[in-house]
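Structure at a glance
One-letter residues, chain by chain:
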Amino acid sequence: TEVEMETEVEMETEVEMEEPSGPQTISVDIPGGTSVPGCEETNECWLPTSVTIQMGDTVEWTNSDTAAHTVTGGLPADGPSGVFDSSLVLAGAQYAFTFEEAGSYDYFCMVHPWMVGDVQVN
């Protein structure tokens, strides 16, 4: 019937307009060998070095190096921002932080200050 056809069309439209599913988790790798200077010259201290996410998304750092690192908000010259700090992330371990506010967040490793990255939150 005509009413059934209209209902089917409405249902199809609703499906097409569905929003992307909730908050995402973005992975950043701490590659092996980053405890020795040099990775900053090729922007490979964090892979990727810069990520752009949406408010409410989580960034999860995985330490693939044999050395312990930190994921500390701020910059080496200014020190920790206090927004987030993993403390030591041991080899093979992970640290995750959920960004609830838009902005630009620089971060670094307090043990290896040449390791600098950033998260852009829209």
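A few points on the structure. (Residues numbered from 1 in each chain as written. Predicted model: local features only at pLDDT ≥ 70, side-chain atom pairs only at ≥ 80, totals over all residues. Heavy atoms only, no water.)

Some thoughts on the side chain of Thr 70
Selection criterion: Secondary structure elements follow DSSP: runs of H or I no shorter than four residues count as helices, runs of E no shorter than two count as strands, and numbering proceeds from the N terminus. Relative accessible area decides the class of each residue, using a 1.4 Å probe on protein chains only: under 20% of the type maximum gives buried, over 50% gives exposed, and in between gives partly exposed. Any N or O atom pair separated by 3.5 Å or less is treated as a polar contact, with the protein-specific requirement of one donor-capable and one acceptor-capable atom, and with residues adjacent in sequence counted only for side-chain atom pairs. We call two residues contacting when some pair of their heavy atoms lies within 4.5 Å.
Counting through the fold element by element, Thr 70 comes out in the loop between strand E3 (58-63) and strand E4 (72-75). Given the relative accessible area of 4%, Thr 70 is considered buried. Of note is the side chain of Thr 70, whose polar atom sits 2.8 Å from the side chain of Thr 72. Not counting residues up to four positions away in its chain, the partners in contact with Thr 70 are Trp 46, Asp 85, Ser 86, Ser 87, Leu 88, Phe 108, Cys 109, Met 110 and Val 111.

Structural notes on unusual backbone geometry
The omega torsion across Leu 47 and Pro 48 is -5 degrees, close enough to zero to call that bond cis. Of note, Pro 48 is situated in the loop between strand E1 (25-30) and strand E2 (50-53). Even without being a glycine, Asn 43 presents a positive backbone phi close to 60 degrees. Its place among the elements puts Asn 43 in the loop between E1 and E2. For Asn 43, a relative accessible area of 51% puts it in the exposed group. Phi is positive for Ser 87, which is not a glycine, with a value near 55 degrees. For Ser 87, the location among the structural elements is in the loop between strand E5 (79-85) and strand E6 (94-98).

Some words on the side chain of Asp 118
Here Asp 118 shows up in strand E8 (residues 116-121). In this structure the side chain of Asp 118 is engaged in a polar contact, spanning 2.8 Å, whose partner is the side chain of Ser 50. For Asp 118, the side chain forms a polar contact with the side chain of Gln 120, separated by 2.7 Å.

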